Amino acid sequence: MESSNRNIQQEIEEKLKDEVLRGALGRFAEAYPVSRLKAYENVEDIEALRDQVKQTKMDTVARIEEVADQFVAEAEKRGAKVFRAADGPALKKYLLDLCREKGVKRIVKSKSMASEEIHLNKDLIDAGLRVRETDLGEWIIAIAGHKPSHMVMPAIHLNRYQVAGYFSKELKTDIPPDIPLMVQVARKNLRQEFLQADMGISGANFGVAENGAVGLVTNEGNGRLTTSLPPIHVVIIGYEKLIPTLKDAVPILRTLPRNATCQLMTSYMSMICGPTPVMVKKDGQWTEQEKELHIILFDNGRLRAAHDEKFKEIYQCVRCASCLNVCPVYALVGGHVYGHIYAGGIGAILTAFLNSMGDFEKINELCIGCRRCTEVCPGKINIPGLIEELRIRNAKENGLPFAMKNIFEIVGNRKVFHTLLRLAKVGQMPFQTGRLIRHLPLFLAGLAKDRSLPAIAPTPLRDTIDKVAKNPQNPTKKIAFFSGCSLDFVYPETGEAVVKVLNDLNMSVVFPQDQSCCGKPVIGFGDIETTRKMAKANIAAFEAVNPDIILAACPTCAEMWKETYPEILHEDPEWNARAKKIAAKVREFTSFVAEEYEKAGRLGEANAGAKKVTYHDSCHMRRVLGIFKEPRKLLRSTSDYELVEMKDCDKCCGMSGAFGVKHADLSIPILNQKITNIKDSGAEVVAVGCPACMMQIRGGLDKQAPNIKVKHVADILAEELDKKKK
Amino acid sequence: MKKVCENWEKVLLTTTCGPEYFEEFEAKAKQASAEIFRVKTPVEAKEIITNLIKFTNAKKVVSVDNVLQQASGVNEELQAMGIELYTSQNDIAEHAETADIGISGVEFGIAETGSVCQDAYAIESRLVSMLPPVHIAFMPSSRIVPGVEQAFDVFSQVFQRGYLSLITGPSRTADIERVLTIGVHGPSRFIVIAVDEPVSGGVA
Ligand code: SF4
């Protein structure tokens, strides 16, 4: 475990100070989403195409051995030599033996992440071989002695001046920082390497079982030269790249270039089926020979993943890196912090499987859970979901850190937890300092310069609800209100607003007193046992009141009820059935009210109020629940407000789950972008549908623009009702 | 010359393909920085190539056999101009690296992406299209399929052995500061000459 001694906190701080990196990644993060969408302009249905990628890969992984056997048989039938390498050492031995046997001295490589995964170059160089990476970015980082910081643009962390410095050092001559000139220098230099190489090593973007072909996409043309000029070609291909038929390459080729580089197709897409001719010069005479083709089918954890119910999903990855391109954390820290060669969320997962779980432990907290990646991934991988699963397994295997375990025992015990929260408002509890504060649910988050923290309310919602609720005589619906911790203990006035809106709709509201935290902060740290306990307590509490609807005014709570509870209880048939039954009754506030208002003809959508309001989409509301139109409809129908959109309205505010708590240093820059966009919108009110976002944005505005107010949509609707009554 | 498929024309009949997709192909290919010339007859191609040679001051050309090029009479013209022209396999192997221009024939184009498909089984096809700084490709303008999907309909039927490439514009990189730079390991100019008039023999 090479990185076990890393101080990740320190590395993050260094990256945050790296101006070159921040500048490059910031500009890229701005440009990428627009360019990507432009590349998809002539695709009728992006979703259908992504489904096709996903389906193809899912079908393949379900019978991976069979597909692999066919691929091997077909390739061998055509004269390729195939070697199945179980791990790095096996691969290296095969390759070094081959080099020795054939008298290979010079090797050119076109990009192969599988080879970087095992640091192959080092072994080759140690064995006295001359090895050249030929992809420009890979060559740059090779001579700089860096690791790739991005899967597609490995040298994105360097600027032209730095590159010129490395070139000058490598070529022992002064190279000016002129990009076209440097590219020509690379061309000239590497051309000689191509012409003299005894062996070419390439990766592959896909391998086709029906004819044993491999496919390669490149822009520079180095892939074509690597596979054409040297007399020996070695392909290193991971099992996850296999597809049954040639036609299965279509959805990959229609998404990979569009997502990776915003191109409709890369400059070169080559497919090689069996050994092809090569020209060799002997005694001054050129003759045609059949090229030696070796295919190394690489396992290194991939087959284990294929048989894992959850992690077989990594086979859906086509290595386009778009998940990094849209990741707010990656945009701040770049790829190196992730330690191994695979960066970002998918990198954390691949690293756990292909490198070591130890590395995962260090980096898993860098996933903020905002789910932007799930909107662009060609294979529709649920990256945050897989990370959460890894956390659960990690906690199961290695246990939770002692202090955290104690805290979750507290959170898991409603009475103790709530007593502590009540005491916290007085401010004498040890919440203010020490470890405890950082690991408690969201609103006990760490203090930070640019963000203030909410105070615990003097009286929680659970104590006032009976007085506040004006339940009608003949209600149309009986609503059981699940407030979640935030509305109960921090923002009870918003909880009261929810009740007011529901009562006004002629619905009655009950508040089961035995309800507790939804469990999100606990499962966020991988503690599935405590979460199960909390799920069961909540389910029982709500079954007891037998409501028509269970309403949450927090998208994360709604998601926990609807998706997480049934899932974590799936091994227990009785509880699973109960969880599913009750999940069907759970509704999120804004979408529920919008529907009711619509029925009642109350959705005016005039959008003609005097005050400007802008709406911030919570990550979970937008991307898990798919709710974004409804809150806007509600806002447009108010008499006081005019809805104006801010830039990147659905970009994370930086507060997801444990992240905002543990990594304030990363959470704050993300928050600050949000604050800037809010200010630029010209709105005087920011509306949200999520209490956690409310807490984060309020904290930021409080310090930076106190004249802009943050309100939950429920608050705004309640205001409207008050106004009407007057 | 080795080919993946001896008669692309015939197999293209099995899928959607035709000159009606040319406009879209041209737009997309240009977007990828390819240069597209559409001509009625092969002879018109001659002028395009000779102009290019004068303009770039090219001295040496390597070229693989293709019927459109033969019908254009460009080879004779080049010889008359005193240009070194190499067309045999061994000569191409020897001279491609130092040639100024490489000429080849490609099988069909894809409208969706502006790509052309090159049957690259023969090593000399790859050498002329990769090593010189300029690559000129002859293609019948009637052979355009609408999308990647149709291209693979065709590949599925014929690809049993060999080397197939899609070429989309010239070689490029954005690896330094994401600045697009044309011409890394392959050609910096990629020129397609699309010929309307069918040439007997069918195989381009
Ligand atoms: S996980 Fe999805 S988005 Fe990320 S690299 Fe893989 S295919 Fe691309």
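Residues numbered from 1 in each chain as written. Chains lettered and ligands numbered in written order. Predicted model: local features only at pLDDT ≥ 70, side-chain atom pairs only at ≥ 80, totals over all residues. Heavy atoms only, no water.

Glancing now at the overall build of chain A. What chain A contains, in helices and strands, is 36 helices and 20 strands. Over its C-alpha atoms chain A spans a radius of gyration of 28 Å, differing by no more than 12% from the 27 Å that the globule rule assigns to 726 residues. Residues classed as buried in chain A amount to 64% of the 726 residues present. In chain A, 78% of the contacts between residues at least 6 apart in sequence involve partners at least 24 apart. Summed over its atoms, the accessible surface of chain A is roughly 26800 Å², and 51% of this surface lies on carbon and sulfur atoms. Both charge centroids of chain A, one from 101 positive and one from 91 negative side chains, sit 2 Å from each other. (Helix = DSSP H or I, 4+ residues; strand = E, 2+ residues; numbered from the N terminus. Rg over C-alpha atoms; globule rule 2.2 N^0.38 Å. Buried < 20%, exposed > 50% of the residue type's maximum accessible area, 1.4 Å probe, protein only. Contact = heavy atoms within 4.5 Å. Areas by Shrake-Rupley, 256 points an atom, 1.4 Å probe, with all protein chains shown as cover. Lys, Arg positive; Asp, Glu negative; His and termini not counted. Charge placed at Lys NZ, Arg CZ, Asp CG, Glu CD.)

Residue and element names in this part refer to chain A. One can read the domain layout of chain A as domain 1 (8–298), domain 2 (423–591) and domain 3 (594–725). A C-alpha centroid distance of 44 Å is found between domain 1 and domain 3. Contacts between the two partners involve 5 residues from domain 1, matched on the other side by 6 residues from domain 3. In total, domain 1 and domain 3 occlude about 450 Å² of area from one another, counting both sides; carbon and sulfur atoms represent 52% of this. Where domain 1 meets domain 3, there are 1 salt bridge. A salt bridge links lysine 647 to glutamate 30, with the nearest nitrogen and oxygen atoms 3.0 Å apart. Taken together, the links from domain 1 to domain 3 amount to 1 residue pair in polar contact (both at pLDDT 80 or more). Of all the secondary-structure elements, those providing two or more residues to the side of domain 1 that touches domain 3 are α1 (8–17) and α2 (19–39). Among the elements that line the side of domain 1 that touches domain 3, the one with the most residues is α1, at 3 residues. Of the residues in the side of domain 1 that touches domain 3, the class split is 2 nonpolar, 1 polar and 2 charged. (Domains from an automatic or database assignment. Buried area = accessible area lost by both parts, 1.4 Å probe. Salt bridge = Lys/Arg side-chain N within 4 Å of Asp/Glu carboxyl O. Polar contact = N/O pair within 3.5 Å; in protein donor to acceptor, adjacent residues only side chain to side chain. Nonpolar A, V, L, I, M, F, W, Y, C, P; charged D, E, K, R; others polar.)

Right, let's get into empty space enclosed by the protein. All names here are of chain A. Scanning the model with the defined rule gives 6 cavities of 30 Å³ or more in all. Taken as a whole, the largest cavity encloses approximately 170 Å³ of empty space. Lining the largest cavity we find 21 residues, and of these Cys327, Gly345, Cys367, Ile368 and Cys373 sit closest to its centre. Of all the secondary-structure elements, those providing two or more residues to the lining of the largest cavity are α16 (344–354), α18 (372–376) and α19 (383–398). When residues in the lining of the largest cavity are grouped by element, the largest group, 4 residues, is from α16. Reported here for the second largest cavity is a volume of approximately 60 Å³. Lining the second largest cavity are Cys317, Val318, Cys320, Ala321, Cys323, Ile346, Cys377, Pro378, Ile381 and Ile383. (1 Å grid on protein atoms, 1.4 Å probe; cavity = no way out; pocket = protein on both sides within 12 Å on 5 of 7 lines; lining within 4 Å. Points joined across faces, edges and corners; volume = space filled by probe spheres on them.)

All right, on to the sheet that holds strand β16 (residues 586–588) of chain A then. Residue and element names in this part refer to chain A. Spatial strand order, β14-β13-β15-β16: 4 strands in an open sheet with parallel pairing. Edge positions in the open sheet fall to β14 (507–510) and β16, since each of these has one partner strand only. Going from strand to strand, the sheet's axes swing by 35° on average, the running direction of each strand aside. Sheet analysis places strand β15 (residues 549–552) next to β16, joined by 3 bridges and oriented parallel. Looking across to β16, one finds that leucine 551 is bridged to arginine 587. Lying over the sheet, helix α25 (residues 492–504) contacts β13 (477–482), β14 and β15, oriented at roughly 150° with respect to β14. With respect to the sheet, helix α30 (residues 589–599) is in contact with β13, β14, β15 and β16, its orientation differing from that of β16 by roughly 85°. (Pairing = 2+ DSSP bridges. Axes fitted to C-alpha atoms, helices over the stretch in contact; angles between N-to-C directions.)

Residues and elements named next belong to chain A. On the secondary structure map, serine 322 appears in helix α14 (residues 322–325). Polar side-chain contacts of serine 322 include one of 2.8 Å to the side chain of asparagine 259. Contacts of serine 322, omitting those with residues within four sequence positions, involve Tyr32, Asn259, Val376 and Pro378.

Chain B puts 56 residues into the contact, and the matching count from chain A is 70 residues. A combined buried area of about 5400 Å² lies between chain B and chain A, and 55% of that area is made up of carbon and sulfur atoms. Here chain B is connected to chain A by 7 salt bridges. Among the salt bridges present, the one from Arg191(A) reaches Glu97(B), with a minimum N-O distance of 2.7 Å. Where chain B meets chain A, there are 40 residue pairs in polar contact (both at pLDDT 80 or more). Only α2 (22–31), α6 (89–95), β6 (115–119), α7 (123–130), α8 (148–158), β9 (162–167), β10 (172–173) and β11 (181–182) of chain B provide two or more residues apiece to the side of chain B that touches chain A. For the side of chain B that touches chain A, the per-class residue count stands at 23 nonpolar, 19 polar and 14 charged.

Moving on, we come to the packing of aromatic side chains. All names here are of chain A. Under the definition given, this model contains 13 aromatic pairs over all chains. Counting every residue linked through ring pairs, the aromatic cluster contains Phe482, Phe542, Trp561 and Tyr565. Taking the ring centre of tyrosine 597 as reference, the NZ or CZ of arginine 602 above it sits at 4.1 Å. Taking the ring centre of phenylalanine 628 as reference, the NZ or CZ of arginine 622 above it sits at 3.9 Å. (Phe/Tyr/Trp six-rings, centres within 6.5 Å; stacked < 30°, edge-to-face > 60°. Lys NZ or Arg CZ within 6 Å of the ring centre and 35° of its normal.)

Take Phe152(B): it is sitting in helix α8. Spatially, the C-alpha atom of Phe152(B) lies 19 Å from that of Gly105(B), the residues being 47 residues apart in sequence. What Phe152(B) contacts, discounting residues up to four positions off in sequence, is Leu246(A), Lys247(A), Ala249(A), Val250(A), Leu253(A), Met269(A) and Met271(A).

Looking now at the environment of Phe37(B). All names here are of chain B. Its place among the elements puts phenylalanine 37 in strand β1 (residues 35–39). In this structure, the C-alpha to C-alpha distance between phenylalanine 37 and phenylalanine 25, residues 12 residues apart in sequence, is 12 Å. The contacts of phenylalanine 37, once residues within four sequence positions are left out, are Ile48, Ile191, Val192, Ile193 and Ala194.

Another aspect to go through is the site of the ligand. Around the ligand, a shell composed of 13 residues is seen, among which Cys317(A), Cys320(A), Ala321(A), Cys323(A) and Cys377(A) lie nearest. Looking at the shell around the ligand residue by residue, the class counts come to 11 nonpolar, 1 polar and 1 charged. (Near = heavy atom within 4 Å.)

Turning our eyes to something else, we now look at the confidence of the model for chain A. In the predicted model, chain A carries a mean pLDDT of 88, and 90% of its residues have values of at least 70. A low-confidence stretch, residues 427–448 of chain A (pLDDT under 50), is modelled with 53 contacts involving residues beyond four sequence positions or located in other chains. (pLDDT = per-residue confidence, 0-100.)

Another point: helix α9 (residues 160–171) of chain A. Residues and elements named next belong to chain A. Between its first and last C-alpha atoms α9 spans 16 Å; for 12 residues at 1.5 Å apiece the expected length is 16 Å, and the two agree. Within the sequence span of α9, burial applies to Val163, Ala164, Phe167 and Ser168. Buried positions in α9, seen along its axis, are confined to an arc of 135° and lie on one side of it. Where the residues of α9 are buried, they touch α8 (136–144) and α10 (179–196). After α9 finishes, the residue lysine 172 shows a positive phi value of roughly 50°. (Expected span 1.5 Å × (residues − 1). Arc of directions from axis to C-beta.)

Moving on, we come to helix α5 (residues 74–81) of chain B. Residue and element names in this part refer to chain B. Residues of α5 that are buried include every one of Val74, Asn75 and Leu78, and no others. Axial view of α5: buried residues confined to an arc of 100°, hence all on one face. Facing away from the buried side of α5 by more than 90 degrees, the exposed set consists of Glu76, Gln79 and Ala80. On the buried face of α5, the contacting elements are α3 (42–56), β2 (60–63), α4 (67–72) and β3 (84–86). Glycine 82 lies just past α5 and shows a positive phi near 85°.

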